[in-house]
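Each chain, written out:
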Amino acid sequence: MGLRAKFNLAIVIAFLVGFTVTGFLLLHRFEANARSDAIQNARVMMASANAIRYYTSHTITPLIGVEREGAFLLASVPAFAAQSHFQAIQYEFPDYSYKEAVVNPTNLAHRTTDWEADVVAFFRGHQNQHEFIAERDTPSGRLLSLAHPISVTEGACLACHSAPGDAPSSMRKLYGDANGFGWQVGDIIGAQIISVSMDNSLAQAHQTLKTFLLLIFGVFVLMIVILNALLHYAVIRPVIEISGIATEVSMGSPDAKQFNISGDDEMALLSRAFNRMRRSLEHAMKLLDEEGEGSAAGGAEETRAR
């Protein structure tokens with residue numbers, strides 16, 4: 001295996017190891033950033049829903065009451081106002097959904113599913129916890145959900161939800177007497193749940209990772225080309241040249257050219273050292289030739305003397 005092959009093999013192995021580790025770490029980081037962004041957006045939307053609830057219960061309901069001319073005013077219900085508000089938001093952000101899931105709701109459309117009932121049970125068992133975040137796979141894709149507990153904090157809620165007989169007749173006419181009653185102040189009755197599809201966010205994170213890794217690969221290819229060119233012109237070609245000259249010198253060729261590289265780098269030092277060695281070798285060979293000629297001449301005179 002030549003020097004170029006060894007060099008490239010070492011670089012490629014180092015790159016593959018670094019590329020794999022980098023890809024794994026960046027994938028984890030990009031996915032974590034996607035989740036963090038989704039959670040932050042969900043918190044903003046949750047704050048918006050709570051603002052609508054507060055405005056409805058403290059401004060709208062006292063102003064218009066809960067019924068008029070025998071009709072129940074849905075606009076006076078904080079949960080209805082918040083969910084109606086969020087439906088408008090969904091037109092712009094279809095990946096997000098909002099539900100006020102209640103264990104014993106007045107409107108059965110708001111009844112908790114099995115998963116949502118588990119969230120409510122979590123809040124009831126951990127009343128010091130005011131936020132719950134979870135991911136789950138659904139038939140429509142992976143969902144990230146952020147939940148806050150819904151608790152009865154004001155006695156005003158009991159005007160509609162304590163006992164059927166105390167509730168407005170228009171509300172009982174609309175929803176019946178079987179659901180949404182028996183609430184007490186301090187009870188955790190449900191959970192506000194913001195759910196967001198993670199498919200698009202994760203797909204974007206993966207695309208960003210792909211683009212980033214392609215850029216890294218492009219930089220690596222450019223680096224390999226530059227390093228191989230530098231290796232060829234600065235190391236391999238001079239080594240091949242000096243090897244050829246050394247072979248000619250070792251064969252006694254008097255016409256072997258000089259090996260000269262200017263500069264102060266290692267190859268220039270090698271060039272000067274090689275030329276010194278060559279001159280020393282030529283000088284030594286010349287001395288040997290002169291001694292041989294002298295010995296031959298002395299032998300001839302001795303022969304004549306005899």
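Chemist: How would you sum up the overall build of the chain? Please name residues and give values.
Modeler: Tallying secondary structure elements over the chain gives seven helices and six strands in all. Starting at the N terminus, the α and β elements of the chain follow one another as α-β-β-α-β-α-β-β-α-α-β-α-α. A buried classification covers 29% of the 306 residues belonging to the chain. Within the chain, counting contacts between residues at least 6 apart in sequence, those at least 24 apart form 62% of the total. Only carbon and sulfur atoms are counted for the fraction: they give 60% of the accessible area of the chain, which is about 18900 Å².

Chemist: Which residues make up the environment of His110, and what values do they have?
Modeler: Mapping His110 onto the fold places it in the loop between strand S3 (96-102) and helix H3 (114-125). Put simply, His110 and Glu100 are ten residues apart on the chain and 6.4 Å apart in space, counted from C-alpha to C-alpha. Leaving out residues up to four positions away in the same chain, His110 has contacts with Gln83, Lys99, Glu100, Ala101, Val102 and Pro105. At a separation of 3.3 Å, a polar atom in the side chain of His110 contacts the side chain of Gln83.

Chemist: Lay out the sheet that holds strand S6 (residues 188-197) in plain terms, naming residues and giving numbers.
Modeler: Across the sheet, which stays open at both edges, the four strands sit in the order S3-S6-S5-S4 with antiparallel pairing between neighbours. In the strand order of this sheet, the two ends are held by S3 and strand S4 (132-138), each with one partner. Each adjacent strand pair in this sheet contributes to an overall mean axis angle of 25°, direction not counted. Taken strand by strand, helix H1 (residues 3-64) contacts S3, S4, strand S5 (141-151) and S6, and its axis lies near 35° from that of S5. The strands touched by H3 within the sheet are S3, S4, S5 and S6, with S6 carrying the most contacts at an inclination of about 125°.

Chemist: Outline the packing of aromatic side chains, listing residues and values.
Modeler: All told, the structure shown has seven aromatic pairs when counted by the stated rule. Here Phe15 and Phe220 contribute two aromatic rings whose centre-to-centre distance is 3.7 Å and whose plane-to-plane angle is 15°, an arrangement assigned as stacked. Of this pair, Phe15 sits in helix H1 while Phe220 is found in helix H6 (residues 199-250), placing the two residues 205 residues apart along the sequence. These aromatic residues form a ring-pair network of at least three members: Phe15, Phe19, Phe217 and Phe220.

Chemist: Let's hear about a nonpolar patch on the surface: which residues, and what values?
Modeler: Taken together, the side chains of Leu9, Ile13, Val17, Val21, Phe24 and Leu25 present a nonpolar region at the surface, about 590 Å² in accessible area. Counting through the fold element by element, Leu25 comes out in helix H1. Residue Leu25 is classed as exposed on the basis of its relative accessible area of 51%.

Chemist: Go over H1 with me, naming the residues and quoting the values.
Modeler: For H1, spanning 62 residues, the distance from its first C-alpha to its last is 88 Å, which sits close to the expected 92 Å at 1.5 Å a residue. The principal kink in H1, of about 40°, is found at Thr56. Backbone geometry just downstream of H1 places Gly65 in the positive-phi region, at approximately 75°.

Chemist: So what's going on with the pairing of S3? Which residues, and what values?
Modeler: Counting buried residues along S3, six of its seven residues qualify, which places the element largely inside the surrounding structure. Bridge count between S3 and S6: seven bridges; the pairing is antiparallel. When the bridges of S6 are listed, Tyr98 appears paired with Ile194.

Chemist: Go over the pattern of salt bridges with me, naming the residues and quoting the values.
Modeler: Following the criterion strictly, the structure yields eight salt bridges and no others. The closest approach of N and O atoms between Arg35 and Glu31, which form a salt bridge, is 3.9 Å. Here the residue Arg35 and the residue Glu31 both occupy positions in helix H1, the gap between them amounting to four residues, near one helical turn. Classification of Glu31 as buried rests on a relative accessible area of 19%. Notably, a salt bridge pairs Arg35 with Glu135, separated by 2.4 Å at the nearest N-O pair. Linking Arg35 in helix H1 with Glu135 in strand S4, this pair joins segments that are 100 residues apart in sequence. Arg35 sits in the partly exposed class, given a relative accessible area of 23%. Ionic contacts of the salt-bridge type, sharing partners, join the residues Glu31, Arg35, Glu135, Asp137 and Arg142 into one network.

Chemist: So what's going on with the packing of H1 against helix H2 (residues 78-92)? Residues and values would help.
Modeler: Where H1 contacts H2, the axes come no closer than 8 Å and their chain directions differ by 140°. When the axis of H1 is compared with that of H2, the two are oblique. The two elements H1 and H2 meet at a crossing, and its hand is right-handed. Residue-level contacts link Met45, Ser48, Ala49, Ile52, Arg53, Thr56 and Ser57 of H1 to Pro78, Ala79, Ala81, Ala82, His85, Phe86 and Ile89 of H2. Looking at the contact of H1 with H2 residue by residue, the class counts come to nine nonpolar, four polar and one charged.

Basis of the calculations
Residues numbered from 1 in each chain as written. Predicted model: local features only at pLDDT ≥ 70, side-chain atom pairs only at ≥ 80, totals over all residues. Heavy atoms only, no water. Helix = DSSP H or I, 4+ residues; strand = E, 2+ residues; numbered from the N terminus. Buried < 20%, exposed > 50% of the residue type's maximum accessible area, 1.4 Å probe, protein only. Contact = heavy atoms within 4.5 Å. Areas by Shrake-Rupley, 256 points an atom, 1.4 Å probe, with all protein chains shown as cover. Polar contact = N/O pair within 3.5 Å; in protein donor to acceptor, adjacent residues only side chain to side chain. Pairing = 2+ DSSP bridges. Axes fitted to C-alpha atoms, helices over the stretch in contact; angles between N-to-C directions. Phe/Tyr/Trp six-rings, centres within 6.5 Å; stacked < 30°, edge-to-face > 60°. Patch = residues over 30% accessible without salt bridge, like charges linked within 9 Å, V, L, I, M, F, W, Y side chains within 5 Å. Salt bridge = Lys/Arg side-chain N within 4 Å of Asp/Glu carboxyl O. Expected span 1.5 Å × (residues − 1). Bend = angle between axes of the 7 residues up to and from the residue. Parallel < 35°, antiparallel > 145°, perpendicular 65-115°, else oblique. Left-handed = near helix turned anticlockwise from the far one by under 90°. Nonpolar A, V, L, I, M, F, W, Y, C, P; charged D, E, K, R; others polar.

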